[in-house]
Each structure stands twice: as structure tokens, then as C-alpha cells.
Amino acid sequence: MPKSSAPAVTASSIAEFEHSLDELEQLVTRMEGGELSLDESLKSFERGIGLYRHCQTALEQAELRVRLLLDPATPETSEPFDSRID
């Protein structure tokens, strides 16, 4: 059976993504509250950027996996699935 070049999606990677997204939402809420010191705000912003990048990478990997599933021979030409019925 040929192996796919798509990264394997595991339950732990999904849990990590969800945890990162949840933590990012909490950071944004705390920062929007305006009660953090400048130092705490900077640390929270720095942590938020790291979480954002982690989530973005996970989403890009998921998109690649979907593209490979849609058209394994030429994933770069695959069209997104449109579930709307006209």
C-alpha cells in the first residue's frame, strides 16, 4: 500500500490545536479587558503570536491533507469542495 506524503493527523495534534486556540482566545479576552500591566501585556502578546503561528501551521497542514485527499496526483490543482446546492 503506498504511503501518503500528507502529515498524519492524530488525536493529540487536534487536541493541541484546540488547546492553543482556547488559550489564544483567553489571552485576547484578558488583554481586551485592559487590566494587564504593560509587561504582562507584552508577554501575553508574545505568547499570543506563538499560539497564532502554531494554529496557522496546523491549519495549513490540514489544508494540505484535504488537498491530497481530493487529488493525490496533483494536489496543487485540486479545487475546494463546495457543498452548496444551487
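Residues numbered from 1 in each chain as written. Predicted model: local features only at pLDDT ≥ 70, side-chain atom pairs only at ≥ 80, totals over all residues. Heavy atoms only, no water.

1. What to know about the side chain of Ser 20
What counts here: Numbering of helices and strands runs from the N terminus; a helix is a DSSP stretch of H or I covering at least four residues, while a strand is a stretch of E covering at least two. For each residue, the accessible area found with a 1.4 Å probe, counting protein chains only, is set against the maximum for its type, and the residue is called buried under 20%, exposed over 50%, and partly exposed in between. Distance and chemistry together define a polar contact, namely a pair of N or O atoms within 3.5 Å, with one atom able to donate a hydrogen and the other to accept it when in protein, and with adjacent residues in sequence counting only for side-chain atoms on both sides.
Along the chain, Ser 20 falls in helix 1 (residues 11-33). Its relative accessible area of 7% is what places Ser 20 among the buried residues. Here the side chain of Ser 20 touches His 54 through a polar contact of 3.2 Å, side chain to side chain.

2. Concerning helix 1
Heads up, the rule is: Any helix carries an expected span of 1.5 Å times its number of residues minus one.
Taking 1.5 Å per residue, 23 residues should reach 33 Å; helix 1 reaches 33 Å between its end C-alpha atoms and fits that length. Taken residue by residue, helix 1 has Phe 17, Ser 20, Leu 24 and Leu 27 as its buried positions. Gly 34 sits one or two positions beyond helix 1 and adopts a positive phi of about 75°.

3. Section: helix 2 (residues 38-70)
One full turn of an α-helix is made of 3.6 residues, so residues set three or four places apart face in the same direction. The condition that has to hold: Contacts between residues were defined by any pair of non-hydrogen atoms, one from each residue, lying within 4.5 Å.
With 33 residues, helix 2 extends 47 Å between its outermost C-alpha atoms, agreeing within 8% with the 48 Å of an ideal straight helix rising 1.5 Å per residue. Buried within helix 2 we find Ser 44, Gly 48, Leu 51, Cys 55 and Leu 68. Close packing links the buried residues of helix 2 with helix 1.

4. Focus on the pattern of salt bridges
Worth spelling out the cut-off: We define a salt bridge as a contact between a side-chain nitrogen of Lys or Arg and a carboxyl oxygen of Asp or Glu at a distance within 4 Å.
Inspection of the entire model under this criterion finds 3 salt bridges. Where Glu 23 meets Arg 47, a salt bridge forms, and the shortest distance between an N and an O atom there is 2.9 Å. Of this pair, Glu 23 sits in helix 1 while Arg 47 sits in helix 2, and the two are 24 residues apart along the sequence. On the basis of relative accessibility, which here comes to 42%, the residue Arg 47 falls in the partly exposed class. Arg 67 is the salt-bridge partner of Glu 63, the closest N and O atoms lying 3.3 Å from each other. Here Glu 63 and its partner Arg 67 are both found in helix 2, 4 residues apart, which amounts to about one turn of the helix. Looking at Glu 63, the relative accessible area reads 43%, which means it is partly exposed.

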